[in-house]
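# Examination of the molecular architecture
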Amino acid sequence: MLKDNNAVKKLTKESFDSVDKDKSGSISLKELENAMKAVAAGSRSPPPNAKDIETLMAGLDKNKDGKLSLAEFETLVRQMIGMMAAAEEDSYQRKQKAEELNKSKSKDAPRAEAAPPPKKAK
C-alpha cells in the first residue's frame, strides 16, 4: 500500500478527518492522544503514556506549532502502514516456517506398520 501514493493520501485524509474531532484543520496533542489510545485498544496493546504521546508529537510536528497538519500526520500514517506490513510479513514468515517444520517432521516420522489381520477361529 505504501507504493500506492494516492491510496496513502486518501487514507491519510480520512484518518485525519476522523482524528480532528474539533474540525480545526489540525490535530492537537489531546486528539493525537485519543487516537493513539483507540489504536492501542483496537490492537489489544497497552495504551501509550503521556510522555510517549508528547515524544511522538514532537517528532511529527516539523514546524513546532504544537499541532499536526495533514502533511505532518501523513508521516505517522506511513509509519503505521509500514509497521503493519512488517508485522504481517513476519507472521507470514513464521507460518511458512511452521508449515515447513511440520512437513519435515511428518516425512521423518516412523511409519506405523499395518497390523496383521486377525486370526480366524477354528
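Residues numbered from 1 in each chain as written. Predicted model: local features only at pLDDT ≥ 70, side-chain atom pairs only at ≥ 80, totals over all residues. Heavy atoms only, no water.

### Some points on the pattern of salt bridges
- In this structure the tally under the stated criterion is five salt bridges.
- For Glu-74, the salt bridge identified is with Lys-9, shortest N-O distance 3.0 Å. Separated by 65 residues along the polypeptide, Glu-74 in helix 4 (residues 70-108) and Lys-9 in helix 1 (residues 5-19) bring together distant segments of the chain.
- You can call Lys-9 partly exposed: its relative accessible area is 42%.
- A salt bridge links Glu-33 to Lys-37; its shortest N-O distance comes to 2.9 Å. Taken together, the positions of Glu-33 and Lys-37, both in helix 2 (residues 29-42) and four residues apart, correspond to about one turn of that helix.
- Among the residues examined, Glu-33 registers a relative accessible area of 17% and is labelled buried.
- Through salt bridges with shared partners, a single network forms among Lys-9, Glu-74 and Arg-78. (Salt bridge = Lys/Arg side-chain N within 4 Å of Asp/Glu carboxyl O. Helix = DSSP H or I, 4+ residues; strand = E, 2+ residues; numbered from the N terminus. Buried < 20%, exposed > 50% of the residue type's maximum accessible area, 1.4 Å probe, protein only.)

### Remarks on the environment of Lys-62
- With respect to the helices, strands and loops of the structure, Lys-62 is situated in the loop between helix 3 (50-60) and helix 4.
- Taking the relative accessible area as the measure of exposure, Lys-62 reaches 64% and is therefore exposed.
- A polar contact is formed between the side chain of Lys-62 and the backbone oxygen of Gly-59, at a distance of 3.0 Å. (Polar contact = N/O pair within 3.5 Å; in protein donor to acceptor, adjacent residues only side chain to side chain.)

### Here we look at the packing of helix 2 against helix 3
- The contact between helix 2 and helix 3 brings their axes to 10 Å, and the two run at 115°. The crossing of helix 2 and helix 3 is right-handed. Of the residues in helix 3, those touching helix 2 at Leu-29, Leu-32, Glu-33 and Met-36 are Ile-53, Glu-54, Leu-56 and Met-57.
- Within the contact of helix 2 with helix 3, the residues separate by chemical class into six nonpolar, no polar and two charged. (Axes fitted to C-alpha atoms, helices over the stretch in contact; angles between N-to-C directions. Left-handed = near helix turned anticlockwise from the far one by under 90°. Contact = heavy atoms within 4.5 Å. Nonpolar A, V, L, I, M, F, W, Y, C, P; charged D, E, K, R; others polar.)

### Details of helix 3
- Ile-53, Met-57 and Leu-60 are the residues of helix 3 that are buried. Looking straight down helix 3, one finds that the buried residues subtend no more than 70° of arc, so they occupy a single side.
- One side-chain oxygen at the N-terminal end of helix 3 lies 3.1 Å from the backbone nitrogen of Lys-51; it belongs to Asn-49. (Arc of directions from axis to C-beta.)

### What to know about the side chain of Glu-74
- For Glu-74, a relative accessible area of 12% gives the class buried.
- Here Lys-9 takes part through its side chain, which lies 3.0 Å from a polar atom of the side chain of Glu-74.
- Filtering out sequence-adjacent residues up to four positions away, Glu-74 remains in contact with Asn-5, Val-8, Lys-9 and Thr-12.

### Some words on the side chain of Asp-20
- Note that Asp-20 resides in the loop between helix 1 and helix 2.
- One buried charged residue, Asp-20, remains without a salt bridge, the closest side chain of opposite sign being Lys-23 at 5.9 Å.
- Within the local environment of Asp-20, its side chain forms a polar contact with the backbone nitrogen of Gly-25, the two atoms lying 2.8 Å apart.
- In this structure Asp-20 touches Gly-25, Ser-26, Ile-27 and Glu-31, once residues within four positions along its chain are discounted. (Lys, Arg positive; Asp, Glu negative; His and termini not counted.)

### Focus: the layout of surface pockets
- Roughly 250 Å³ of volume is contained in the largest pocket.
- In this structure, the largest pocket is lined by 14 residues; those nearest its centre are Ser-15, Val-39, Phe-73, Val-77 and Met-80.
- Sorting the residues of the lining of the largest pocket by element identifies helix 1, helix 2 and helix 4 as the ones contributing at least two each. (1 Å grid on protein atoms, 1.4 Å probe; cavity = no way out; pocket = protein on both sides within 12 Å on 5 of 7 lines; lining within 4 Å. Points joined across faces, edges and corners; volume = space filled by probe spheres on them.)

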